[in-house]
Amino acid sequence: MPNDPVNIYEYEAIAKDRIEKGHYDFIAGAATDEITLRRTREVLDSIVMKPRMMVDVSHRDLGTTVLGEKISFPVLLDPAGNHGAAHPDAEIATVKAAGKAGTVMALSSHSARTLEDVAEAATGPIWFQQYFFKDPELTLGMASRAEEAGYTALCLTLDAKISPKRERNMRNNYVGPVSPNYAQLDLGNHHWQFAADAPAGAMDIRDQAATWKDLEWLAGRTKLPLIVKGIMTGEDGRLAAESGAKGMIVSNHGTRYLDTTFTTIEVLPEVVDQVNGKAEIYLDGGIRRGSDVFKALALGARSVLIGRPLFWGLAVDGEDGVSAVLEMLRSELDATMGICGCPTIDDINFDTLGGISPLQQAFDLRDRRR
Ligand SMILES: Cc1cc2nc3c(=O)[nH]c(=O)nc-3n(C[C@H](O)[C@H](O)[C@H](O)COP(=O)(O)O)c2cc1C
């Protein structure tokens, strides 16, 4: 249909009109001046790919694995709180779309539906995201609920233990709802209102003292493989792998915690280098095009994840909207692979990118010939 959105940006434009302003700003916004939020797109857009001719690309296979789990293409669903802000079916719609697309959904512990209800509706692999809490029993309790419900990996978010400053939320006086995941737990004296990343509330129970030793401790106490989220330096990548992480997400939390950091794609090569194959590496942040997925894979990511676009898909058309967003990325990636002469995921490597400007390359070539 002529008015149907043809890319993820157009999904966001429609979603903006449908989502209540406080929720929209919470989803779209980021820390302080949102400089890195904008720069994320600029950096991704500035990376160039090199089309290759006369390669047999008549059969293209986008399939790969994450932690041994088969997925139909290397795009996973990031953990992001309260899908109910975008659609009444919330994470039930999202998890169904993930299953249909043949990929993994990581559920946020701040989901609008219980982790058990979401697991029940899942038709594909699911991971559960949580934090290190001050109370170790809460950390283990969440992990064992996830394990019992059928989640196949535990994603520990490391970059969200200090309250961020998000000025859109301050202006809107935004307070998010309490997730039923927490309501069902015996929280002892943790009875306060969840303020969804506002200065108080949800942050209070997160353990600001957590160190790599705690990751080792948790790895020894759960059967689920651990994935850490929030890695932004090569050294932290190496330490995570040494402390028991089987996977890690190179992520700056969609720039929602700290502004003026590197963008994730900029630090990816350093992390890949220092982890040296000891854990799987995924990347999120600003992925809006199939070509972005291609670029992340070329620089060493095994898969990417998407956050905000899930809300845009949900707001436009619930489960079908999330499916449409995922299929858009799939078809763009498929075409990019074909044009770059990469029939399979394994064919995507560093050489498929042109890192420096062609003019610089021409000067280098001239200098070499001299
Ligand atoms: C509304 C919203 C809620 C989020 N909630 C969580 C969360 O509960 N846990 C978490 O680890 N990350 C959370 N994130 C961060 C995402 O997992 C992800 O790192 C980020 O959104 C990726 O960037 P993108 O939105 O540009 O794709 C949230 C992001 C958004 C936009």
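Draft legend 1. Spotlight on the overall build of the chain. When its secondary structure is counted, the chain shows 14 helices and 12 strands. Taken against the 2.2 N^0.38 rule, which gives 21 Å for 370 residues, the C-alpha radius of gyration of the chain at 20 Å falls within 12% of a compact globule. For the chain, the separation between the mean place of its 39 positive charges and that of its 52 negative charges on side chains is 5 Å.

Draft legend 2. Highlighting the pairing of strand β11 (residues 303-306). Both faces of β11 are covered, namely the face carrying Ser-303 and Leu-305 and the face carrying Val-304 and Ile-306. Inspection of the sheet shows strand β4 (residues 75-77) paired to β11 by 3 bridges, in the parallel sense. Along β11, the bridge assignment pairs Leu-76 with Leu-305. Direction of pairing for strand β10 (residues 280-284) relative to β11: parallel, over a ladder of 3 bridges.

Draft legend 3. Summary view of the site of the ligand. Neighbouring residues of the ligand: 23 residues in total, closest Pro-79, Ser-108, Thr-157, Asp-284 and Arg-288. With respect to the ligand, the backbone of Pro-79 contributes an N or O atom lying 2.6 Å from an oxygen atom. A distance of 2.9 Å separates a nitrogen atom of the ligand from a polar backbone atom of Gly-81. Of the residues that constitute the shell around the ligand, the class distribution is 7 nonpolar, 10 polar and 6 charged.

Draft legend 4. The arrangement of the pairing of strand β9 (residues 247-250) in detail. Going residue by residue along β9, you find Gly-247 and Ile-249 tucked away on one face and Met-248 and Val-250 tucked away on the opposite face as well. Pairing of strand β8 (residues 226-231) with β9, which is carried by 4 bridges, proceeds in the parallel orientation. Looking across to β9, one finds that Lys-229 is bridged to Ile-249. Between the parallel elements β8 and β9, the chain passes through helix α10 (residues 234-242) in a crossover that is right-handed.

Draft legend 5. Representation of the pattern of salt bridges. Within this structure, the stated rule accounts for 19 salt bridges. A salt bridge links Asp-367 to Arg-366; the shortest N-O distance between them is 3.3 Å. Sharing partners across several salt bridges, the network here consists of Lys-21, Asp-25, Glu-34 and Arg-168.

Draft legend 6. Looking closely at the environment of Pro-343. Relative to the assigned elements, Pro-343 resides in the loop between α13 (308-339) and β12 (353-354). Judged by its relative accessible area of 15%, Pro-343 falls in the buried class. On a C-alpha basis, the gap between Pro-343 and Asp-56 in space is 7.5 Å, while along the polypeptide they are 287 residues apart. When near neighbours in sequence (up to four residues on either side) are disregarded, Pro-343 contacts Val-55, Asp-56, Val-57, His-59, Arg-60, Asp-61 and Met-337.

Draft legend 7. Expanded view of the environment of Ala-28. With respect to the helices, strands and loops of the structure, Ala-28 is situated in helix α2 (residues 21-28). Here the alpha-carbon distance between Ala-28 and Arg-168, two residues 140 residues apart in the chain, equals 9.5 Å.

Draft legend 8. Structural view of unusual backbone geometry. In this structure, His-253 takes a positive phi of about 60° despite not being glycine. With respect to the secondary-structure elements, His-253 resides in the loop between β9 and α11 (264-275). What makes His-253 buried here is its relative accessible area of 15%. Unusually for a residue other than glycine, Thr-255 sits at a positive phi of about 60°. Within the fold, Thr-255 resides in the loop between β9 and α11.

Draft legend 9. Looking closely at α10. Looking only at α10, the buried set comprises Gly-234, Gly-237, Ala-240 and Ala-241. Buried residues of α10 fall within an arc of 125° about the axis and therefore sit on the same side. Those residues of α10 hidden inside the fold are in contact with α9 (212-219), β8, β9 and α11. Gly-244 occupies a position one or two residues after α10 and carries a positive phi of about 110°.

Draft legend 10. Layout of the nonpolar core. The biggest cluster of nonpolar side chains holds 97 residues, and the ones touching the most others in it are Tyr-151, Leu-154, Met-248, Ile-265, Leu-283 and Trp-312. Counting residues per element, this core draws most heavily on α13, which supplies 13 residues. Formed by 12 residues, the second largest nonpolar core is a distinct cluster that contains Leu-76, Val-104, Ala-106 and Ile-227.

Draft legend 11. The side chain of Ser-243, seen in detail. Inspection of the secondary structure assignment puts Ser-243 in the loop between α10 and β9. Residue Ser-243 is classed as buried on the basis of its relative accessible area, which comes to 6%. For Ser-243, the side chain forms a polar contact with the main-chain oxygen of Leu-239, separated by 2.7 Å. If sequence neighbours within four positions are ignored, Ser-243 has contacts with Trp-212, Leu-215, Glu-216 and Ala-219.

Draft legend 12. Local environment of the packing of aromatic side chains. Summed over the entire model, instances satisfying the criterion amount to 6 aromatic pairs. Aromatic pair Phe-26 and Tyr-174: ring centres 4.9 Å apart, planes at 20°, arrangement stacked. Here the residue Phe-26 occupies a position in helix α2, and Tyr-174 occupies one in the loop between α7 (167-172) and α8 (180-183), the gap between them amounting to 148 residues. Judged by relative accessible area, Phe-26 falls into the buried class, the value being 12%. Pairing Tyr-131 with Phe-133 gives two aromatic rings, centres 6.1 Å apart and planes at 70°, and the pair type is edge-to-face. Each member of the pair, Tyr-131 as well as Phe-133, is classed as buried.

Procedures and definitions
- Residues numbered from 1 in each chain as written.
- Predicted model: local features only at pLDDT ≥ 70, side-chain atom pairs only at ≥ 80, totals over all residues.
- Heavy atoms only, no water.
- Helix = DSSP H or I, 4+ residues; strand = E, 2+ residues; numbered from the N terminus.
- Rg over C-alpha atoms; globule rule 2.2 N^0.38 Å.
- Lys, Arg positive; Asp, Glu negative; His and termini not counted.
- Charge placed at Lys NZ, Arg CZ, Asp CG, Glu CD.
- Buried < 20%, exposed > 50% of the residue type's maximum accessible area, 1.4 Å probe, protein only.
- Pairing = 2+ DSSP bridges.
- Near = heavy atom within 4 Å.
- Polar contact = N/O pair within 3.5 Å; in protein donor to acceptor, adjacent residues only side chain to side chain.
- Nonpolar A, V, L, I, M, F, W, Y, C, P; charged D, E, K, R; others polar.
- Right-handed = clockwise from strand over helix to strand, strands pointing away.
- Salt bridge = Lys/Arg side-chain N within 4 Å of Asp/Glu carboxyl O.
- Contact = heavy atoms within 4.5 Å.
- Arc of directions from axis to C-beta.
- Core = buried A, V, L, I, M, F, W, Y, C linked by side-chain atoms within 4.5 Å.
- Phe/Tyr/Trp six-rings, centres within 6.5 Å; stacked < 30°, edge-to-face > 60°.

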